[in-house]
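Observations on the three-dimensional arrangement
Read off the chains here:
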Amino acid sequence: MFGGAVIGLMVGFLVGMFGAVFVSVTVGDGMALITLVGCTAFLGAVGAAMGAGSGRRAAAAAYQATVPYRSQAGPVPPYVPPPLFPRPELPDPPRWLLPAAAGAGVFAAVALPEAQVGLGIVLVAMVLGAAALPAVLRRMTPWTVAFAVTAYWLISMAAVRDADWLVGILLVAGAGLGALAVSGAGTGWLGVVRGGASVLLALGPVPWFLAQPLKRLTARRRVLPMVSALGITVVLLVVFGLLFSSADAVFASYVERLTTTPDWAESIPGRIVLFVLFAVLLAAVVLVALRPVADPVGPDTKFRVSRSVWLVPLTAVNLLFASFVAVQVTALFGGNTLVLRTAGLTYAEYARQGFFQLVVVSVFVLAIVAVAAGLLKVERGERWVLAGLLGVLCALTMVVLASALHRMNLYTDAYGLSRLRLSVQATVWWLGALFALVLLAGAARLTGRGSGWLPRTIVLVTGLSLGAFAIVNPDLRVAQTQVEVRGPAKMDSDYLGDLGAEAVPALDRLPEPQRSCVLAAVVEANGLDRPDPWNGWNLARSQARDLLAERPVRKVSGCPDLRASVED
């Protein structure tokens, strides 16, 4: 134990000296001292633990050689505790894994730092996909292709759209779809959840997955001695260089000039983190692709109940929905005379009231359909009755969604669009597509064809809906309707100033001084006053800069205070 501690302290001190000098140059002297003490203490503790372990093994071997079994002849086998982190069962890593992971890490370290989200993240996603392709090809399916293409479409919108809230949603959805494509899971809802999180779950076994190729690399006779020689050389040069610098001021001035940190070196720590992160991420993707697909199977438990238990509630709910739909047809689709006379509200106020309640109603209906179709066990004749009631309920709910969408359209005609209103409108269209898929799945089950395709189809439709929403260009639509409907006198300049660069063409049509006031806020919020590097190129920002170059923003001494809420 003592010998291991001494060796660990010596190695820790040498490593700590090297790390301390590097940290002192890049961060500061305080962190350098912490690095030196931390490395020395940590490696000293590791050496002590290794020495203690070797001592225990030697004692166990001596005990095994001297003490026989009580019941039979022979040495007593030593007790071997189970490992704290047992090695999981993993496939053999391919030979190209290590260079591919290193290449992906290097590319990410070059393409991502010092830029806004843009072309760099799109290229990194392309490199990750291309590097993992040989592992995915072994069990490629049409679902894999559909999910992968949709995922890359969503991620590529980061080079087209500038709105942070939208780009963040697209990147998360694209990453989930990409993981689902690689995993091949998704025959059930549990499989969809597991497939979407498969890459994250695979990060745990990655150290064991990379251990074998790293061991092969370090097993070569020339690699490890060369690395050791370089490390010892660097440590010695640093130690003696510091001593000579403190002994002679002239020599210290030359050393200072030589070791002055260039501008690009300030980003080295961040680039190292990106290198490790994306190298490990690619290894996790390859591991998911090589593992056999195992969709988790949920409990297939169904309950047989009396017909009246589900027949009476579903019939009553259908009658209630039919009554509400009839009122909506009269009130909203038939004109506003009855609304103004009965409700005592303006048409826009009536349209605003109850919109979110109608959306919540549709979500509850999906839950009712899922419970009734998944948990109720009925006879063959009752199956048609249950399917008919659920089908009528879904059809009526689609009419309710149409009513909610009509309400929102009336309201936006009066007050214009906002990000929330446009997002809710898109959600209503998505819910309508879900109900249409549920109706198709119910019809397929009645004909005996099964509905195992429904979870994957819903996920794919969701991804395509997000891509279509990005193409609609939400921030530009919001700016257009606010300028056209609210006008300069009633618009909320603070709200419009937070929009992305996509909104610049619409805001450019404002009269002065409102135009320059709002665009100045947009320029500051989105960094349009400086060009993007190659890895941060973005189509919306590029077009906005071209437009502002033709018609620059004027310097306005006092901007008018226009803060009328867009939620009026």
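First things first, this report covers the structure right here in the doc. (Residues numbered from 1 in each chain as written. Predicted model: local features only at pLDDT ≥ 70, side-chain atom pairs only at ≥ 80, totals over all residues. Heavy atoms only, no water.)

Across its full length, the protein chain carries 24 helices and zero strands. Taking all 568 residues of the protein chain together, the buried fraction comes to 38%. For the protein chain, the proportion of contacts with a sequence separation of at least 24, taken over those separated by at least 6, is 77%. Of the roughly 31,600 Å² of accessible surface on the protein chain, a fraction of 69% belongs to carbon and sulfur atoms. (Helix = DSSP H or I, 4+ residues; strand = E, 2+ residues; numbered from the N terminus. Buried < 20%, exposed > 50% of the residue type's maximum accessible area, 1.4 Å probe, protein only. Contact = heavy atoms within 4.5 Å. Areas by Shrake-Rupley, 256 points an atom, 1.4 Å probe, with all protein chains shown as cover.)

A cluster of nonpolar side chains, contributed by Val106, Val110, Ile272, Phe275, Val276 and Trp534, occupies part of the molecular surface with about 530 Å² of accessible area. Top contributing element to the nonpolar patch by residue count: helix H12 (residues 268–290), with three residues. One can find Trp534 in the loop between helix H23 (514–526) and helix H24 (539–550). (Patch = residues over 30% accessible without salt bridge, like charges linked within 9 Å, V, L, I, M, F, W, Y side chains within 5 Å. Salt bridge = Lys/Arg side-chain N within 4 Å of Asp/Glu carboxyl O.)

For any two aromatic rings, the description comes down to two numbers: the centre-to-centre distance and the angle of the planes. Scanning the entire structure with this criterion turns up two aromatic pairs. When the ring of Trp165 is compared with that of Phe469, the centres are 6.2 Å apart and the planes differ by 70°; the resulting orientation is edge-to-face. One end of the pair, Trp165, is in helix H6 (residues 164–183); the other, Phe469, is in helix H19 (residues 454–472), and 304 residues separate them in sequence. (Phe/Tyr/Trp six-rings, centres within 6.5 Å; stacked < 30°, edge-to-face > 60°.)

Relative to each other, helix H3 (residues 97–111) and helix H4 (residues 119–136) sit at 175°, their axes nearing to 9 Å. With respect to their mutual orientation, H3 and H4 come out roughly antiparallel. Here Ala100, Ala104, Phe107, Ala108 and Ala111 of H3 lie close against H4, whose contacting residues are Gly120, Leu123, Val124, Val127, Leu128 and Ala131. Here the residues of the contact of H3 with H4 sort into 10 nonpolar, one polar and no charged. (Axes fitted to C-alpha atoms, helices over the stretch in contact; angles between N-to-C directions. Parallel < 35°, antiparallel > 145°, perpendicular 65-115°, else oblique. Nonpolar A, V, L, I, M, F, W, Y, C, P; charged D, E, K, R; others polar.)

This model, assessed by the stated rule, comprises 10 salt bridges. One salt bridge in this structure joins Glu512 and Arg515, with 3.1 Å as the shortest N-O distance. Taken together, the shared-partner salt bridges in this structure form one network comprising Asp162, Asp532, Arg541 and Arg545.

Look at H12: 33 Å from first C-alpha to last across 23 residues, which is about the 33 Å you get at 1.5 Å a residue. Three or more residues of H12 are buried, namely Leu274, Phe278, Ala279, Leu282, Ala283, Ala284, Val285, Val286, Leu287, Val288, Ala289 and Leu290. (Expected span 1.5 Å × (residues − 1).)

Attention now moves to H24. The terminal C-alpha atoms of H24 lie 17 Å apart, and with 12 residues this matches the ideal 16 Å at 1.5 Å per residue to within 8%. Among all positions of H24, only Ala540, Arg541, Ala544, Arg545, Leu547 and Leu548 are buried. Looking straight down H24, one finds its buried side chains confined to an arc of 165°; they lie on one side. Relative to its buried face, H24 has exposed residues pointing more than 90 degrees away, namely Ala549 and Glu550. (Arc of directions from axis to C-beta.)

H12 packs onto H4 with a crossing angle of 35° between their chain directions and a minimal axis gap of 9 Å. In the crossing of H4 with H12, the sense of the turn from one axis to the other is right-handed. Only Phe278, Leu281, Leu282, Val285, Val286, Ala289 and Leu290 of H12 make contact with H4, whose side of the interface consists of Val124, Leu128, Ala131, Ala132, Ala135 and Val136. Taken together, the residues that form the contact of H4 with H12 break down as 13 nonpolar, no polar and no charged. (Left-handed = near helix turned anticlockwise from the far one by under 90°.)

A word on the nonpolar core. Counting 40 residues, the largest nonpolar core has Phe147, Val504, Leu507, Val518 and Leu528 as the members making the most contacts within it. Only helix H5 (142–156), H6, H19, helix H20 (474–490), helix H22 (504–507), H23 and H24 provide two or more residues apiece to this core. A per-element tally of this core places H6 first, with six residues. Every residue in contact with Leu528, bar those within four places of it in the chain, is listed here: Ala501, Val504, Val522, Val523, Arg541, Ala544, Arg545 and Leu548. Counting 34 residues, the second largest nonpolar core, distinct from the first, contains Ala104, Val182, Val199 and Ala279. (Core = buried A, V, L, I, M, F, W, Y, C linked by side-chain atoms within 4.5 Å.)

Turning to the side chain of Arg515, a few remarks are in order. Mapped onto the secondary structure, Arg515 falls in helix H23. Judged by its relative accessible area of 1%, Arg515 falls in the buried class. A polar side-chain atom of Arg515 sits 2.8 Å from a polar atom in the side chain of Asp508. One polar contact links the side chain of Arg515 to the main-chain carbonyl oxygen of Arg551, over a distance of 2.6 Å. In this structure Arg515 touches Leu507, Asp508, Leu510, Arg551, Pro552 and Val553, once residues within four positions along its chain are discounted. (Polar contact = N/O pair within 3.5 Å; in protein donor to acceptor, adjacent residues only side chain to side chain.)

This brings us to unusual backbone geometry. With an omega of 5°, the peptide bond between Glu512 and Pro513 qualifies as cis. Counting through the fold element by element, Pro513 comes out in the loop between H22 and H23. The backbone of Glu114 sits at a positive phi, close to 60°, despite the residue not being glycine. As for its placement among the helices and strands, Glu114 is situated in the loop between H3 and H4. The phi angle at Asn473 is positive, at roughly 65°, despite the residue not being glycine. Looking at the secondary structure, you find Asn473 in the loop between H19 and H20.

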